[in-house]
Structures are given as structure tokens and as C-alpha cells.
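Listed below are the residues making up each chain.
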Amino acid sequence: MSDKDIYGIKKWGKEFFEISKKGNLAIKNPFQRNNVSIELISIIHKLNKKFSPPYIIRIIDYLEYMIHQIHEKFNKSIDEIGYKNKYRGVFPVKVNQQAQVVEQITKYGKKLDFGLEVGSKPELLIALTQKLSKNSLVICNGVKDEEFIKLCLLSSKLSFKTIIILESIKELNLVIKISKVVNILPLLGIRIKLTNTISGKWSQSSGDRSAFGLPVEKITEVIKILKENNMLKCLILQHSHLGSQVPDIIEIRKYTQEACRFFSEISKEGAPLKYIDLGGGLGIDYTGQNKSMAHSINYSLEEYCFNIIETVKLELDKENVKHPIIITESGRASVAASSILVFNILDTTLFDTKTCPKISKTDHIYLSYMKQILNYLDKERVQECFNDLNYYRDELRILFRNNQINLKEMAKIEKTYLFILSKMKALLEKKNNVSDDVLKAINDLADIYHGNFSLFQSLPDVWAIDQLHPITPIHKLNKKPTRRAVINDITCDSDGMISKFVLNDGISNTIPLHEIKNNEDYYLGVFFVGAYQETLGDLHNLFGDTNVASIRLLENSEFKIIHEQIGDKVSEVLSYAEYSPTKLLKNFAEIADVSVKNKSLKVNEKNKLLKIFKDSIQGYTYYEN
Ligand code: PLP
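Conventions adopted
- Residues numbered from 1 in each chain as written.
- Predicted model: local features only at pLDDT ≥ 70, side-chain atom pairs only at ≥ 80, totals over all residues.
- Heavy atoms only, no water.
- Core = buried A, V, L, I, M, F, W, Y, C linked by side-chain atoms within 4.5 Å.
- Buried < 20%, exposed > 50% of the residue type's maximum accessible area, 1.4 Å probe, protein only.
- Helix = DSSP H or I, 4+ residues; strand = E, 2+ residues; numbered from the N terminus.
- Contact = heavy atoms within 4.5 Å.
- Polar contact = N/O pair within 3.5 Å; in protein donor to acceptor, adjacent residues only side chain to side chain.
- Pairing = 2+ DSSP bridges.
- Right-handed = clockwise from strand over helix to strand, strands pointing away.
- Expected span 1.5 Å × (residues − 1).
- Near = heavy atom within 4 Å.
- Areas by Shrake-Rupley, 256 points an atom, 1.4 Å probe, with all protein chains shown as cover.
- Axes fitted to C-alpha atoms, helices over the stretch in contact; angles between N-to-C directions.
- Parallel < 35°, antiparallel > 145°, perpendicular 65-115°, else oblique.
- Left-handed = near helix turned anticlockwise from the far one by under 90°.
- Nonpolar A, V, L, I, M, F, W, Y, C, P; charged D, E, K, R; others polar.

**Some thoughts on the nonpolar core**
No. 1: Counting residues in hydrophobic clusters, the biggest one holds 142 residues, and the most contacted among them are Phe17, Leu40, Ile57 and Phe528.
No. 2: Among the elements that make up this core, the one with the highest residue count is helix H3 (residues 60-81) (ten residues).
No. 3: Excluding its chain neighbours within four sequence positions, the residues that come into contact with Ile57 are Leu40, Ile43, Ile44, Leu47, Ser338, Ser339, Ile340, Val342, Ala549 and Ile551.
No. 4: Listed in part, the 24 residues of the second largest apolar core include Leu389, Met410, Leu428 and Ala441.

The structure is reproduced here in C-alpha cells:
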């Protein structure tokens with residue numbers, strides 16, 4: 001039994017995940033604190049009866065819980081601080097555009113006047129088909145063409161509160177022109193560029209060099225143009241966005257302070273600003289370290305809300321400005337926890353050997369020297385042993401290249417090398433001060449576990465920006481893992497490797513995993529993948545969207561699958577790459593016909609082949625049992 005939480009589940013799992021009594025990863029119901037949790041493996045077993053992994057498991061309750069929490073904490077701070085207006089949330093659709101996510105959020109959020117933020121025409125169309133409350137906002141960021149602007153203006157006839165956020169002077173002129181043509185006054189917001197910068201991975205979204213928002217000289221120009229057109233009365237919202245995953249609460253405070261200065265000044269210019277929108281940025285503690293660093297945050301949700309409300313009140317009271325409705329656009333924090341990627345391990349490549357080959361008289365003398373290292377291997381002489389080991393192995397490799405050692409002899413040498421290195425590894429587990437090359441060699445000894453998933457499709461941020469997501473086996477958590485591994489995906493790309501892991505002791509280059517015996521099923525879960533990952537992913541090697549199951553948590557360890565979304569079929573990914581599946585089948589049949597004519601293929605073989613081809617076209621893109 002392993003009683004240690006080696007994966008740090010208590011630290012990052014918090015109100016969402018825990019280890020069950022049976023040693024399985026369990027999903028807690030955060031709305032019902034004392035309720036028993038649901039073992040993720042039981043959901044997987046149920047799904048396996050119909051589908052194949054990999055899966056995205058989407059827990060609808062977690063979406064609702066986070067929306068609820070964000071509102072509750074803001075409202076609590078409003079009461080405590082005596083802020084004289086409301087909080088209103090919007091969900092930035094780009095963070096997860098999937099229909100199930102947006103629909104569930106807007107359905108649950110209706111009673112909270114929860115709205116949506118969009119950044120493109122397709123996202124606007126999504127927003128304009130949701131049943132929002134009459135006070136919910138549709139905040140339109142991004143570059144807008146005539147069609148986009150017309151849709152925004154006309155949507156006000158359908159009782160949507162659609163706010164056009166001005167991103168440039170050119171856009172403002174277009175909005176003025178179109179609003180005169182359609183004879184509808186726009187609801188306008190202005191996106192300001194703040195000078196404060198943030199740390200962390202999204203620092204380039206903040207400060208003078210950020211790509212978005214109007215600098216101060218353009219803000220004055222916007223006000224001038226609006227006044228000239230008698231449209232300053234339309235400017236009701238000030239927008240800013242600091243960047244995602246802000247690690248430090250002080251940065252949030254400073255940024256809010258600066259946003260308030262602009263708010264006061266623009267209000268003094270006569271704009272009837274009613275809303276201050278502070279964008280996204282609320283982070284997730286992926287590592288559970290609770291520190292101001294990448295992948296972690298040094299604040300709680302409660303602190304975040306309190307700091308914003310307090311800062312806005314203090315700053316605006318100083319200048320006697322009426323308290324506006326405060327908006328935030330928390331994407332990551334709202335949806336990250338709700339999705340888990342679950343995949344099975346297809347195979348393992350183990351880089352050690354439990355037995356040391358026996359040396360015979362015919363073996364090269366260097367092999368026996370190599371083996372003698374075991375006689376003087378101890379903690380104090382590891383570096384010396386490592387040097388000797390490499391010297392003999394390299395000399396023997398030269399002999400192999402020069403045709404003086406055969407394949408079988410070389411295999412014996414490499415096996416002996418790995419055996420001695422694994423003995424060193426065991427010795428070093430308790431010793432820290434060894435040189436980098438010894439450590440690297442030991443790390444290179446990590447096993448490779450081959451997973452049935454595509455890093456490029458399902459975890460694009462891990463590939464592109466070294467994002468860390470907690471990863472754990474979803475079962476056997478009460479058994480001591482005896483292997484250390486890196487995880488390789490199913491694509492034929494060496495970049496498809498995960499080699500940074502969140503563990504209880506900190507970040508590690510390898511993950512402890514269990515030995516897989518007799519082809520048993522072994523599943524890993526990747527957590528907090530609900531934000532940004534699902535649509536950012538690409539079709540590398542033509543691995544498509546995974547199967548998705550949306551789950552609702554019931555009482556007494558029960559759950560209900562409320563929606564199943566079948567992952568991309570081979571035919572679908574082929575179509576994305578401009579192939580016509582029908583034409584491919586026709587071409588294949590023609591090629592087979594030629595072989596039948598040449599008598600290299602029998603007719604019944606051809607029919608079997610065509611059936612396999614047809615089935616493959618309709619199949620899942622991942623490994624299927
Ligand atoms: N609002 C805007 C304008 C954004 O660009 C983003 C993303 O960067 C967000 C909101 C969401 O940010 P987060 O996911 O950090 O909450």
C-alpha cells in the first residue's frame with residue numbers, strides 16, 4: 001500500500017478530486033460537501049461498453065459550480081465592502097466553444113444574468129442563439145467587419161444587450177457609418193491599453209506592447225469623434241484585459257487601480273460609463289503550490305474578488321465617481337476543471353533490466369571490466385563508476401562498428417550497461433549532489449509509456465507553451481508505482497512527449513507509474529483541460545477530436561451520462577484534408593480490380609479488403625481494441 005499522495009492530488013484536486021478508499025481517482029461533488037465521490041474508472045468502464053478511449057469526460061456540475069462560486073464570492077465582497085453596484089459575469093466563448101459547454105453555462109447562468117464575450121463572427125453567432133436573460137451582456141471584442149457590426153446592431157431588436165467594444169479608430173468610423181445606415185444607436189465599449197504588465201506566460205498580453213486596446217492618445221480621439229457625432233451617450237462600457245493566468249494578486253490590484261483611473265477620466269469627459277469590464281486573468285493552481293509562478297497562483301478566488309471590489313471602490317470613491325457594474329470575463333477559471341482527458345496506455349518501453357547477463361570466456365575483456373564496476377559501486381563513487389561504465393561501453397561500441405563484435409555480443413553489452421545503470425539509479429534515489437551528466441543518464445533511463453492520445457489534438461498548450469497539467473493514473477493509487485516514466489503520444493512525432501509532471505514534491509521530469517502486467521488496462525487522467533485545449537488542438541497525423549461524455553453527478557456515487565459526442569471519424573479528418581472519402585473508396589476499388597485482373601488478388605480477398613477499407617473510413621482515428 002502506498003499511503004503517500006505522490007501526485008499531489010490533495011494540493012491541486014481541492015474541492016474536485018480525491019483518492020477513493022479503493023485507491024481510485026474520484027470525482028467529488030463540490031455542491032454537496034459530504035457526499036461520496038464517484039470513481040472516474042467506473043465512468044470509463046461504462047463508456048468502454050460502447051466506445052473506445054481516449055475520452056474527454058466533461059463534468060457539467062463543475063461548470064455550474066465555478067460560475068456559482070465566482071458570483072457568490074463577488075457578491076460576498078460587495079456586501080462586506082459596501083460596494084454600491086453589482087457584479088455580472090460573462091464567459092469568453094474562445095476559451096471553450098463546444099456547444100455543450102456554452103449551452104450549459106448560459107442555461108445555468110440565466111438566473112445570474114450571466115453573459116458571453118465573443119471575438120469573431122462564428123462566436124457572435126453562437127452567442128446570438130443562446131437564451132440569455134434580458135440583463136445579460138454580449139460583449140463583442142475582436143476585429144469587426146460590416147457584417148459583424150450589422151449583426152451587433154440588429155441584435156438589439158431581438159432584446160440582446162450587444163456591446164461593440166471599439167478596438168480602433170477605423171472600427172469606430174465603420175460603426176458610426178453603419179449605425180446611421182440601419183438607424184440604430186450602438187451600445188459601445190472602449191478597450192483600453194493599460195501600462196501595467198504581468199508576470200507568467202501571458203505577459204505579452206499586457207503593457208504598452210500588447211496587441212489589443214487603445215492607448216491613451218487614441219482614447220481621447222475616440223471621445224472627440226463620438227462627441228462630434230453626438231454619440232458619446234452610447235459609450236457605456238470600459239474594457240481591459242490583463243492577460244491569462246495572472247500568477248500574482250498584487251498585479252491584479254495594480255491593474256484594477258489603473259483601469260479605475262481611466263474609468264474616472266473617461267467618465268469626466270462626459271461618457272455615461274455604466275460598466276467596468278476587467279477581462280479575464282483569474283488563474284488556476286495547476287501545481288497546487290499556491291505560489292506566484294507559472295502554472296500556479298498565490299491567491300484564492302475569494303481574495304481575487306475581494307481585491308477587485310475593494311480596489312474599484314477605493315479608487316472611484318477618491319474621485320467621486322458612481323460605482324459601475326463590475327464585469328469579469330473569467331474563462332480558464334470557469335471551465336478548466338470541468339474536463340478530464342482519459343487515455344489508455346498501449347505499450348511500454350522499459351529502459352532497464354532486472355538480470356545481468358552471464359559473462360562467458362568468449363566475451364570481450366571490457367565486458368568483464370564493466371561488470372566488475374558492481375564490486376566498487378557505492379554512493380561515494382557513483383561518478384567514478386559512471387565514467388568507467390561509459391568508457392567501456394563506448395569502446396565496445398567502436399569495436400561493434402568495426403566488425404569485431406557481433407550483434408548478440410553487443411546486445412549483451414547494452415543489457416549489462418542498463419543493469420549497472422539501474423543499480424546506480426537505485427543508489428542515487430537518496431543522494432542529491434551528483435553531476436548533471438549522471439543525472440541526465442539516469443533520467444534518460446526513464447521508461448516510455450505510450451499513450452492512446454495525441455498531444456497536438458488534446459493538449460496543444462503542453463506542446464506549444466510547456467503548459468503543465470496534473471496527470472495521474474486513475475486507478476491503483478493505493479499501490480506503490482515502481483516505474484518512472486515519460487509519456488509518449490500516438491503521433492509519429494518526437495514532440496509528442498510529456499516530460500514534465502506535477503508531483504507532491506514539486507515538478508519532475510518523470511512520473512511514477514505502475515508496472516503493467518499481462519496486457520491489463522492502465523488509464524491515465526490529465527486534469528484541468530477544459531480551458532483552451534479543445535479547439536486549439538490540431539490534426540497532426542490526422543488524429544481527430546476524441547469521444548466526449550458529459551456527466552452529471554448524482555447522489556450516492558451515481559452519475560448520469562447526459563450527452564455523448566462521438567469523436568471524429570476517419571472520413572471526417574480526411575475531408576478536412578480535402579479528400580473525398582467516397583472518391584478514396586472508388587480509387588481503392590479500382591486499384592484492387594487491377595490486382596484481381598493480374599490474378600494477384602482473389603475476388604473474395606478483394607471483397608474482404610474493401611470491407612476493411614470501408615469500416616476504417618467510418619472508424620475512430622485512435623487505436624481501437
Ligand atoms: N477576455 C479576453 C478579452 C481575453 O482575451 C481572454 C483570454 O485571454 C479572456 C477574457 C479569458 O481569460 P482567462 O481565461 O484568463 O480568464
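**Topic: the environment of Asp277**
No. 1: Secondary-structure assignment places Asp277 in strand E11 (residues 275-277).
No. 2: On a C-alpha basis, the gap between Asp277 and Leu237 in space is 7.0 Å, while along the polypeptide they are 40 residues apart.
No. 3: Not counting the four nearest positions on each side in its chain, Asp277 is found in contact with Ile139, Leu237, Gln238, His239, Ser240, Ile327, Thr328 and Glu329.
No. 4: Only 2.8 Å separates the side chain of Asp277 from the backbone nitrogen of Gly279, close enough to count as a polar contact.

**Describing the pairing of strand E10 (residues 235-239)**
No. 1: Most of E10 is tucked away: five of the five residues are buried.
No. 2: The pairing of strand E9 (residues 187-191) with E10 spans four bridges and is parallel. When the bridges of E10 are listed, Arg191 appears paired with His239.
No. 3: As defined by bridge partners, E10 adjoins E11 across three bridges and the pair is classed as parallel. Across the sheet, the residue bridging to His239 is Asp277, located in E11.
No. 4: Crossover connection from E10 via helix H9 (residues 249-268) to parallel E11: handedness right-handed.

**A closer look at helix H14 (residues 407-428)**
No. 1: Taking 1.5 Å of rise per residue, the 22 residues of H14 would be expected to cover 32 Å, and the 31 Å separating its terminal C-alpha atoms lies within 8% of that figure.
No. 2: Within the sequence span of H14, burial applies to Met410, Lys412, Ile413, Thr416, Tyr417, Phe419, Ile420, Leu421, Ser422, Met424, Lys425 and Leu428.
No. 3: Of the surrounding secondary structure, the elements contacted by the buried residues of H14 are helix H12 (365-376), helix H13 (382-401) and helix H15 (436-444).
No. 4: Capping the start of H14, Asn406 holds a side-chain oxygen 3.1 Å from the backbone nitrogen of Lys408, two or three residues further along.

**Quick look at the site of the ligand**
No. 1: In the vicinity of the ligand lie 16 residues, with Lys94, Ser244, Glu329, Gly331 and Tyr532 positioned nearest.
No. 2: Here an oxygen atom of the ligand and a side-chain polar atom of His241 are 3.0 Å apart.
No. 3: Separating an oxygen atom of the ligand from a backbone N or O atom of Gly331 is a distance of 2.8 Å.
No. 4: Taken by itself the ligand offers 400 Å² of open surface, and the protein chains cover 92% of this.

**Some words on H9**
The periodicity of an α-helix, 3.6 residues per turn, causes residues three or four places apart in sequence to face the same way.
No. 1: The first and last C-alpha atoms of H9 sit 29 Å apart over 20 residues, in line with the 28 Å expected at 1.5 Å per residue.
No. 2: Its side-chain oxygen at 3.1 Å from the backbone nitrogen of Ile250, Asp248 defines the N-terminal cap of H9.
No. 3: The positive-phi residue at the C-terminal boundary of H9 is Gly270, with phi of around 105°.

**Concerning the environment of Trp12**
No. 1: Following the sequence through the fold, Trp12 ends up in helix H1 (residues 9-13).
No. 2: Using a relative accessible area of 2% as the deciding quantity, one classes Trp12 as buried.
No. 3: Along the chain, Trp12 and Phe528 lie 516 residues apart, while their C-alpha atoms are 9.8 Å from each other.
No. 4: Discounting chain neighbours no more than four positions away, the residues touching Trp12 are Tyr7, Phe17, Asp285, Tyr286, Thr287, Gly288, Pro470, Thr472, Val502, Phe527 and Phe528.

**Looking at the packing of H3 against helix H4 (residues 99-109)**
No. 1: Their axes nearest at 10 Å, the elements H3 and H4 cross at an angle of 45°. Taken as axis vectors, H3 and H4 run oblique relative to one another. Between H3 and H4 lies a crossing of right-handed hand. For the pair H3 and H4, the contacting residues are Ile60, Leu63, Glu64, Ile67 and His68 in the first and Gln100, Val101, Gln104, Ile105 and Tyr108 in the second.
No. 2: The residue makeup of the contact of H3 with H4, split by class, is six nonpolar, three polar and one charged.

**Comments concerning the pairing of strand E22 (residues 547-553)**
No. 1: Counting buried residues along E22, six of its seven residues qualify, which places the element largely inside the surrounding structure.
No. 2: In this sheet, E22 lies alongside strand E4 (residues 55-59) in parallel orientation, the contact comprising five bridges. By the bridge assignment, Ile57 is partnered in E22 with Ala549.
No. 3: Strand direction decides the pairing type here: E22 and strand E23 (residues 559-565), joined by six bridges, are antiparallel. Bridging from a neighbouring strand, Arg552 pairs with Lys560 of E23.
No. 4: Here E22 folds back onto E23 in antiparallel fashion, the turn holding five residues, of which Asn556 has a positive phi close to 55°.

**With respect to unusual backbone geometry**
No. 1: With an omega of 5°, the peptide bond between Pro53 and Pro54 qualifies as cis.
No. 2: Not every positive phi belongs to a glycine, and Asn230 is a case in point at roughly 55°.
No. 3: For Asn230, the position within the fold is in the loop between helix H8 (216-228) and E10.
No. 4: On the accessibility criterion, Asn230 (54% relative accessible area) is exposed.
No. 5: In the Ramachandran plot, Gln245 falls in the positive-phi region, its phi being about 50° despite a non-glycine side chain.

**So, the sheet that holds E11**
No. 1: Within the closed barrel, the eight strands sit side by side as E5-E6-E7-E8-E9-E10-E11-E12. Their pairing is parallel. With direction set aside, neighbouring strand axes in the sheet form an average angle of 25°.
No. 2: The pairing of strand E5 (residues 87-92) with strand E6 (residues 115-118) spans three bridges and is classified as parallel. Note that in E6 the partner of Val90 across the bridge is Gly115.

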